[in-house]
Amino acid sequence: MRILVDLEKLHWDQAWTITKNTFAYTNHTVLPEALERWPVQLFEKLLPRHLEIIYEINQRHLENIKSLYPDDEQRLMRMSLIEEGVEKKINMAHLCIVGSHSVNGVAKIHSTIIKDRVFKDFSDIEPVKFQNK
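Residues numbered from 1 in each chain as written. Predicted model: local features only at pLDDT ≥ 70, side-chain atom pairs only at ≥ 80, totals over all residues. Heavy atoms only, no water.

Engineer: Tell me about the overall build of the chain, and please be specific about residues and values.
Structural biologist: Of regular secondary structure, the chain possesses 8 helices and 6 strands. Taken from the N to the C terminus, the helices and strands of the chain come in the order α-α-β-β-α-α-α-β-β-α-β-α-α-β. Against the globule reference of 14 Å for 133 residues, the chain gives a C-alpha radius of gyration of 15 Å, in line with a compact fold. With respect to the principal axes defined by its C-alpha atoms, the chain has extents near 40 × 35 × 30 Å. Burial status across the chain gives 38% buried among its 133 residues. (Helix = DSSP H or I, 4+ residues; strand = E, 2+ residues; numbered from the N terminus. Rg over C-alpha atoms; globule rule 2.2 N^0.38 Å. Buried < 20%, exposed > 50% of the residue type's maximum accessible area, 1.4 Å probe, protein only.)

Engineer: Let's hear about the packing of aromatic side chains: which residues, and what values?
Structural biologist: The tally for this structure, following the rule as stated, stands at 2 aromatic pairs. Aromatic pair Trp38 and Phe43: ring centres 5.8 Å apart, planes at 35°, arrangement tilted. The partly exposed category is assigned to Trp38, whose relative accessible area is 33%. Relative to Phe122, the ring of Phe119 lies with its centre 6.5 Å away and its plane at 80°, an arrangement referred to as edge-to-face. Accessibility expressed as a relative area gives 2% for Phe119, which makes it buried. With a relative accessible area of 6%, Phe122 lands in the buried category. In this structure, Arg75 packs its charged tip against the face of Tyr69, placed 3.8 Å from the ring centre. (Phe/Tyr/Trp six-rings, centres within 6.5 Å; stacked < 30°, edge-to-face > 60°. Lys NZ or Arg CZ within 6 Å of the ring centre and 35° of its normal.)

Engineer: Got a sec to walk through the sheet that holds strand β3 (residues 82-83)? Specific residues and values, please.
Structural biologist: Consider a sheet: its strands pair through backbone hydrogen bonds, and that pairing is either parallel or antiparallel. Taken in spatial order, the 3 strands line up as β2-β4-β3 in an open sheet, and their pairing is antiparallel. With one partner strand each, in any of the chains shown, β2 (37-39) and β3 form the two edges of the open sheet. In this sheet, strand β4 (residues 89-91) lies alongside β2 in antiparallel orientation, the contact comprising 3 bridges. Among the inter-strand pairings, Pro39 is bridged to a residue of β4, identified as Lys89. (Pairing = 2+ DSSP bridges.)

Below, the structure written as structure tokens:
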């Protein structure tokens, strides 16, 4: 997104379409506690422009979720790319799901678990995105 928007000067929507059509996410763990979460503070210091882009992606993502589930604040918190708390963190798996055209596990059982349990909120909204390839 940074290269497409900042260097190639594409409009956000066009850059986002290219990004989503380019990337697929293969998840390698069914343990939620093993999913990567990176401190926002790290991005603020090392990758501030990337953080701005992640915030924009998250805002647009949450606006979409809110339009689908207007009274479900808990769902918004669960699906946010940014985890609030003592230390704000970026949920990298959520970023990968939102920014990809497909999501799968490393085995059929794994794909089923991430679809039905680990990322259920996401698969409820885009069930065809979750596959086993």
